[in-house]
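For reference, the chains in residue letters:
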Amino acid sequence: MDTAVEVERAGINLKPSGRMPDGEVALAPIESGKTVGNIEVEDPIFRCRDVDVYYGAKHAIKKVGIDVAKSQVLAMIGPSGCGKSTFLRCLNRMNDTIEGARVEGSIMLDGKDIHDKKQDVVQLRARVGMVFQKPNPFPKSIYENVAYGPRIHGLAADRVELDEIVHSSLQRAGLWEEVKDRLQHPGTSLSGGQQQRLCIARTIAVNPEVILMDEPCSALDPIATARIEDLMEELRQSYAIVIVTHSMQQAARVSQRTAYFHLGDLIEVGETDRIFTNPRHKLTEDYITGRFG
Amino acid sequence: MALSLEGHTARAFDGDLSSLHVQAVTMGALVIEQVQLAVNAYSNWDRAAATLVLERERRVNLYDTEIEEAALQLIARRQPMAQDLRAVFAIDKVVSELERAADEAKKLALTVLAESEIHGFRPGAATAREVRQLGRLAMVMTRTALEAFDHLDATAASAVVEQDLEMDAEYAAALRRILTRAMEDARQVQAAIEAAFIMRSLERIGDHARNIARHVGFIGGEFDPTATGVMPSDMRVSVDKP
């Protein structure tokens, strides 16, 4: 999309250099659904348009439209309460479980509406896995944590196949070497970083297409964080990853595209390289430079 | 958007960034003085002034080291993003440009000291006039660039690019004039070569000012590839130009 079209979309007066005129944007009311930057990608895995989320009377997400590309990490950033986690939870219908939550608009996974009546939610959540802020292994053995999903989805014909899935999942999550001699130990006996990687292994064991991560490193030390970030780089070769993070440095490190949310609006989307060096919207600039509020 | 290095939630960040900026501007003021002094030293053939330039060159270098250190600290502690990141990056580059401009001034001073010792000759009135004129232009350019940098005003900075065109034209014309004089009187060849180097230095100071102006544009979000200090070929004035 060229700049002129973006400008029109944004409903604001951009100078040809792509900079905002003085003061104008800061004062301009945000018009929902008018995101700065290109929300589209070629051949997306997810195509979301005009997504609104209500928690009772509260309008938590306003007319958000964005594509999620295959083999890419999309980072969603923004201040607390901006709706980034809410939006993430829309992608595998986790909001269904919240009472009073209502999701409107279209969310297409590989061209099919995830809100379609025929859509099996359990199946959806296998295709779109999720890793949470706090590692939450089941109170079972390391082996069982990973084997559980493939077993309930009937992905393994016999024990040998199941062993193979557990092995390859732990290997891809970079945990195999550390746990191969104690697969029967409880998952909770691992360190925080290892537990988080166990949860990632559990997610990829069911062959998802997308992995959603909701602040996956906020409970981890810098070394465990670095290992997860490394892992994300490897995983994105096979899966689309959407990550919500409060760490801008992390978003800058791991993602290829970044989306900035503000009070339920998707303000700006763009290549990560650009967003962190030369954002177009004043609100994005203020947030990432620490001038917020 | 209005460029400002302030307004961070963490006030200390404002302080760190402003102090970096102010230091760079102060260094710039010192460099302008150096250029002025060096031009005077050459055109008046004043050894005392030339010595002073060399003494103060150490202060310029000290500024350079200190600002670089502070910029490094700021990046390590604050991890600046977007316009802050561009600002730190650009301030560091502006400081390098200033340091190099001061080096050119030093060359003028060294010429005065060396030549007055060995040959005991001084440039003729016409050459001194040419040098004063080019020096004036170099100082105007540096001052304009520095003011734009002080106010983070990309529009003001763009004026320097215009001034640089004037500088290039003046430089080429002055060069032709001294070469003509040298051809008329072979005894002047040695002095003409010296003067050509001096003029080249002043023209270089103008180039540094132009680069500073581009760095100001860079802070404003104008990603000009030539702002990295790589001189575009059409901006280069070669000595062998007809």
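Residues numbered from 1 in each chain as written. Chains lettered and ligands numbered in written order. Predicted model: local features only at pLDDT ≥ 70, side-chain atom pairs only at ≥ 80, totals over all residues.

Undergrad: I'm lost on the overall build of chain B in this one. Help?
TA: Along its length, chain B carries 6 helices and 0 strands. From first element to last, N terminus to C terminus, chain B shows the α and β order α-α-α-α-α-α. Residue burial in chain B is summarised as follows: out of 242 residues, 44% are buried. (Helix = DSSP H or I, 4+ residues; strand = E, 2+ residues; numbered from the N terminus. Buried ≥ 20, exposed ≤ 12 C-beta atoms within 10 Å, placed from the backbone.)

Undergrad: How should the overall build of chain A be read in this particular structure?
TA: A tally of regular secondary structure across chain A gives 12 helices and 10 strands. For chain A, the residues scored as buried account for 46% of the 293 residues in total. If you take every contact in chain A between residues at least 6 apart in sequence, the share linking residues at least 24 apart comes to 69%. (Contact = placed C-beta atoms within 7 Å.)

Undergrad: Whenever I open this one, the environment of Ala69(A) confuses me. Can you help?
TA: Looking at where Ala69(A) falls in the secondary structure, it is placed in strand S2 (residues 58-69). Not counting residues within four places of it along the chain, the set of residues in contact with Ala69(A) comprises Val41(A), Pro44(A), Ala240(A) and Arg257(A).

Undergrad: What am I meant to see in the confidence of the model for chain B here?
TA: Caution applies to low-pLDDT regions: their predicted coordinates should not be interpreted in detail. Residues and elements named next belong to chain B. Looking at chain B as a whole, its pLDDT mean stands at 87, while 90% of the residues score no less than 70. Across chain B, element-level confidence peaks in helix H2 (residues 47-78) with a mean pLDDT of 95 and bottoms out in helix H5 (residues 154-184) with 91. pLDDT under 50 marks residues 224-242. Its contacts with residues more than four places away, or in other chains, come to 21 contacts. Two summary scores accompany this predicted model of the complex, namely pTM at 0.79 and ipTM at 0.72. (pLDDT = per-residue confidence, 0-100.)

Undergrad: What's the story with helix H4 (residues 125-151) of chain B in this structure? I'm lost.
TA: Residues separated by three or four positions in an α-helix point in the same direction, a consequence of the helix having 3.6 residues per turn. Counted at 1.5 Å a residue, the expected span for H4(B) with its 27 residues is 39 Å, and the 39 Å between its end C-alpha atoms agrees. Just downstream of H4(B) lies Leu152(B), where phi reads positive at about 50°. (Expected span 1.5 Å × (residues − 1).)

Undergrad: Which parts of the structure should I look at to understand the sheet that holds strand S1 (residues 44-55) of chain A?
TA: Sheet strands associate in pairs through backbone hydrogen bonding, adopting either a parallel or an antiparallel arrangement. Residue and element names in this part refer to chain A. The antiparallel open sheet is built from 4 strands, whose spatial order is S2-S1-S4-S5. In the strand order of this sheet, the two ends are held by S2 and strand S5 (112-113), each with one partner. Two elements, strand S4 (residues 101-109) and S5, share 2 bridges in a ladder whose sense is antiparallel. Residue pairing across strands places Leu109 opposite Lys112, the latter belonging to S5. (Pairing = 2+ DSSP bridges.)

Undergrad: Any chance you could explain the packing of helix H1 (residues 11-43) of chain B against H2(B) here in plain terms?
TA: Helix-helix packing: each pair is described by the crossing angle between the helix axes and the interaxial distance. Residue and element names in this part refer to chain B. The geometry of H1 relative to H2 is characterised by a closest axis approach of 9 Å and an angle of 160° between their N-to-C directions. Classified by the interaxial angle, the pair formed by H1 and H2 is roughly antiparallel. As H1 runs across H2, the sense of the crossing is left-handed. (Axes fitted to C-alpha atoms, helices over the stretch in contact; angles between N-to-C directions. Parallel < 35°, antiparallel > 145°, perpendicular 65-115°, else oblique. Left-handed = near helix turned anticlockwise from the far one by under 90°.)

Undergrad: I keep staring at H2(B) and nothing clicks. Help me out?
TA: Its 32 residues place the ends of H2(B) 46 Å apart at the C-alpha level, agreeing with the 46 Å of an ideal helix rising 1.5 Å per residue. Of the residues making up H2(B), those classed as buried are Ala49(B), Ala50(B), Val53(B), Glu57(B), Val60(B), Tyr63(B), Ile67(B), Ala71(B) and Leu74(B).

Undergrad: Just checking my understanding: could you explain the pairing of strand S10 (residues 265-271) of chain A for this structure?
TA: Residues and elements named next belong to chain A. Counting buried positions along S10 yields 6 of 7 residues, so the element is predominantly enclosed. Both strand S9 (residues 257-262) and S10 contribute to a ladder of 6 bridges, which runs antiparallel. Across the sheet, residue Thr258 finds its bridge partner in S10, namely Gly270. Here S9 hands over to S10 after 2 residues, with Leu263 in that stretch at a positive phi of 50°.

Undergrad: I would appreciate a short explanation of the sheet that holds strand S6 (residues 128-131) of chain A in the present structure.
TA: Residues and elements named next belong to chain A. What the 6 strands build is an open sheet, ordered S6-S7-S8-S3-S9-S10; its pairing is mixed. The open sheet has two edge strands, S6 and S10, and neither has a second partner. On average, each strand axis in the sheet is inclined to that of its neighbour by 20°, with strand direction left out of account.

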